[in-house]
Every structure is written in C-alpha cells, then in structure tokens.
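Overview (structure and organization)
Next come the chains, spelled out residue by residue.
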Amino acid sequence: MAATTISRAQAWEHVLRARRFDWQRGLSYQHGPISITAGGEWHCSDDIDAPASQLLDIMLPLVARTTPLVMAQLGQSLDGRIATECGASYYVTGQQGLVHLHALRAVVDAVVVGAGTVAMDDPRLTVRHVAGENPVRVVLDPRGRMSESRFVFEDDSAPTLHLVGHEHVARWQACHERHGRGVSVGGLGLKEDGVDPREVIDLLRHQGLNSVLVEGGGMTISRFLQEGCLNRLHSMVTPMIIGSGRPTLTLPVIECLSQAMRPSARHYTLGDDVLFDLDLGAVAQTDRN
Ligand SMILES: NC(=O)c1ccc[n+]([C@@H]2O[C@H](COP(=O)([O-])OP(=O)(O)OC[C@H]3O[C@@H](n4cnc5c(N)ncnc54)[C@H](OP(=O)(O)O)[C@@H]3O)[C@@H](O)[C@H]2O)c1
C-alpha cells in the first residue's frame, strides 16, 4: 500500500485541533499520525511534505502552550519600513505572507491594532485566506479619535472591542448604541507616556482573551515590545526597498550594540519573503500573572 503523505491542508487541520486541545489537562496528544507536545514539538509517523512540515514548525509553538500568548507580527521591507510616508502598506509582503497573517489571526482569541492602522487602512481583521474562526477585533484608541465609520465598527462578522481612555467611554458607548452596533467599549488609563500595554493585556484576559496578536502598526508593537509584553514577534521581511516611510520598530536610543535585543530566532522562506520568528520569552508581569 502506498504511504500517505500529510499535505499542508491536513497540517493546518492539525494546527486548529491543537489550538482547541486543553494543554492544561495534558502535555501531549496524538491524532492520527501526528503527536504534539506542549511547546510545539511534533512527530509524524507518516510522510509529510515540506510545506506541511514548515507550517507545523511555525504554528504549533503558538497553539501548543500552557501559558497565555501575546505576539506581534510585522511585514517589513528590507530597509525596515512597514508603510510609505503617507501610510500605504497594501501589500508589503507577498501572497504567502498574507496567508500567514490570516493563519495567525485564526489561532488567537484577539487581534489588536493601533488607532493609526484603523485610521489609515480601515482593515477588516477577519480570517479569509485560511479556514478558521475570526478573533475578537480590538481597536486601541486611547484618545477616542477614531472616525465613527470604520469597517470594524460597522461589520458584525466578528466581535469588536473599542478601547478608549476612560473619559471617552460614555461618548463612544452612546455612539455605537445610536448606530445599533454590537461594539463593546472598554476604558483605559491614559498616562503621560500613553497607555501601559499591561493594562490592555489584563483587560483582555479579564474577558477570557488569553492569546493575543498585536497586528500593528509599528508604534503599537514598539510599545508592547518596549514594556516586555510580547512572547513572540513574527517579522516578515520582503525583498523591497521603500527608502522612506513608517518605521517597523522605534525603541529608546541605545549607545552600544551590546544593549540591543538579540532574541533567539528561527527563519523560514515563504515565497519571496523570509519570516523571522523571534522568541522573546515570558511576558512581563501583569495583574493576572
Ligand atoms: N506592514 C505591516 O505589517 C503593517 C501592519 C499594520 C499597520 N501597518 C501600517 O502602519 C501604519 C500605522 O502604524 P503606526 O505605527 O503609524 O500607528 P499604529 O501603531 O497603528 O497606531 C498608533 C496609535 O495608536 C494609539 N496607541 C497605540 N498604542 C498606544 C499606547 N500604548 N499608548 C497610547 N496610544 C497608543 C495612539 O493613538 P493616538 O494617535 O490617537 O494617540 C498611536 O498614535 C499604517 O500606515 C498601516 O498601513 C503596516
């Protein structure tokens, strides 16, 4: 009898199954030819094709976990830009990069974006390029400055949570109610240097949203990274030089390279792009850690 070969589509089903598995109750499980242990190690007793194997390598550490996940993704040019000066970013990465982004959305409870991204891109933040469920969409808008007519507010294909400074909560609740929308509004404390990302993580965890993808833009991800609030960063580098525009990450100035972050990294080729998967370790203490 000819040996079965696990395809990428079948591997994706294993990823979704591993996401649904309760890792608190068991540190390993087997389904068909594939066994997975907490942390994302896997073994396949059948043949498996290269794209399927790569998919399991990349995705299983995100879902086979006993602790919450806070990760970020960026699609960047070779010269470290995520968009042009005026904010155009469709599309920095290629088709496989786009599929990867949708795969990330499909394995998290919530996807967080900053006000700049919602203002500029008016994104949908749903899962369309892979099979899977939509995460809760979270708009980080501390100054409550968003336009009322953004897609994520008007579309009910996924729950949306609009996080604004406490002083803007009542106004936005009234606004969403007036339009008959199911958008929830949450309040955040706004300090001189903005919102503490730990407060965002806590607020989401209180709502049972334990795995979080911070999808952009650069300023929002930089703040989560600076505060030690990311377990992982997926940085997709595309062979394009924009030469000007919005930077990927902006962190406080350092003087020597010994102060630079050097997280452990794996890398994978996805079409013309290279995905750097950075392991940033544990997330900084939040109220619920
Ligand atoms: N290539 C990619 O992977 C990718 C992904 C996403 C977005 N983008 C592009 O990135 C651009 C937007 O990125 P961006 O860096 O300019 O903006 P952004 O990160 O989307 O949003 C920044 C804004 O969000 C609010 N915010 C986020 N974190 C905050 C905090 N901790 N405290 C206080 N406020 C906080 C602030 O709103 P206020 O300004 O109201 O204070 C801040 O100015 C767009 O052009 C988009 O197309 C690219």
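Source: prediction; values computed, not measured.

How each quantity is defined
- Residues numbered from 1 in each chain as written.
- Predicted model: local features only at pLDDT ≥ 70, side-chain atom pairs only at ≥ 80, totals over all residues.
- Heavy atoms only, no water.
- Pairing = 2+ DSSP bridges.
- Helix = DSSP H or I, 4+ residues; strand = E, 2+ residues; numbered from the N terminus.
- Axes fitted to C-alpha atoms, helices over the stretch in contact; angles between N-to-C directions.
- Contact = heavy atoms within 4.5 Å.
- Near = heavy atom within 4 Å.
- Polar contact = N/O pair within 3.5 Å; in protein donor to acceptor, adjacent residues only side chain to side chain.
- Areas by Shrake-Rupley, 256 points an atom, 1.4 Å probe, with all protein chains shown as cover.
- Salt bridge = Lys/Arg side-chain N within 4 Å of Asp/Glu carboxyl O.
- Buried < 20%, exposed > 50% of the residue type's maximum accessible area, 1.4 Å probe, protein only.
- Core = buried A, V, L, I, M, F, W, Y, C linked by side-chain atoms within 4.5 Å.
- Domains from an automatic or database assignment.

**Topic: the sheet that holds strand E16 (residues 273-279)**
Strand order in the open sheet formed by nine strands is E11-E10-E9-E8-E12-E6-E13-E16-E15, with mixed pairing between adjacent strands. Looking along the sheet, the strands with just one partner apiece sit at the ends: strand E11 (184-188) and strand E15 (264-270). Pairs of neighbouring strands in the sheet enclose a mean axial angle of 20°, with direction left out of account. Note that strand E8 (residues 110-114) and strand E12 (residues 211-216) share four bridges and pair parallel. Its bridge partner lying in E12, Val-111 is registered against Leu-213. Relative to the sheet, helix H7 (residues 197-206) contacts strand E6 (69-77), E8, strand E9 (136-140), strand E10 (160-165), E11 and E12, its axis offset from that of E11 by approximately 140°.

**Here's the deal with the site of the ligand**
The full set close to the ligand counts 27 residues, and Ser-89, Thr-117, Asp-121, Arg-145 and Thr-220 are the nearest of them. In the environment of the ligand, an oxygen atom lies 3.1 Å from a nitrogen or oxygen atom belonging to the backbone of Ala-115. A distance of 3.0 Å is found between an oxygen atom of the ligand and a backbone nitrogen or oxygen belonging to Gly-116. Bound to the protein, the ligand loses 89% of the 920 Å² it would expose on its own. When residues of the shell around the ligand are traced back to their parent elements, those giving at least two are E6, strand E7 (81-83), helix H4 (115-121), E12 and helix H8 (218-226).

**Concerning the pattern of salt bridges**
Under the criterion given, the structure shown has 14 salt bridges. As a salt-bridge pair, Asp-155 and Arg-137 come within 2.8 Å of each other at their nearest N and O atoms. Separated by 18 residues along the polypeptide, Asp-155 in the loop between helix H5 (151-154) and E10 and Arg-137 in strand E9 bring together distant segments of the chain. Judged by relative accessible area, Asp-155 falls into the buried class, the value being 18%.

**Examining the nonpolar core**
By size, the foremost hydrophobic cluster in this structure holds 51 residues, and its most contacted members are Trp-12, Val-15, Ile-36 and Met-59. The greatest single-element share of this core, amounting to eight residues, is contributed by helix H2 (residues 50-63). Residue contributions to this core reach at least three from each of two domains, namely domain 1 (1-66) and domain 2 (67-247 + 264-279). Contact partners of Met-59, with chain neighbours within four places excluded, come to Trp-12, Val-15, His-100, Ala-103, Leu-104 and Val-107. One finds Ala-83, Val-136, Val-200 and Val-212 within the second-largest nonpolar core, a separate group that totals 29 residues.

**Topic: the environment of Trp-12**
Residue placement: Trp-12 occurs in helix H1 (residues 8-20). Assessed through its relative accessible area of 8%, Trp-12 is described here as buried. Separated by 102 residues in sequence, Trp-12 and Gly-114 place their C-alpha atoms 29 Å apart. Other than its neighbours up to four places away in sequence, Trp-12 contacts Leu-55, Met-59, Ala-103, Ala-106, Val-107, Val-130 and Ala-131.

**With respect to the pairing of strand E3 (residues 34-37)**
Residues Ile-34 and Ile-36 of E3 are buried on one face, while the alternating residues Ser-35 and Thr-37, pointing to the opposite face, are not. In this structure, strand E2 (residues 28-31) lies alongside E3, joined through four bridges in antiparallel fashion. Considered in E3, the bridge of Gln-30 is made with Ser-35. In this structure, the hairpin formed by E2 and E3 is closed by a connection of two residues, where Gly-32 is found at a positive phi of approximately 60°.

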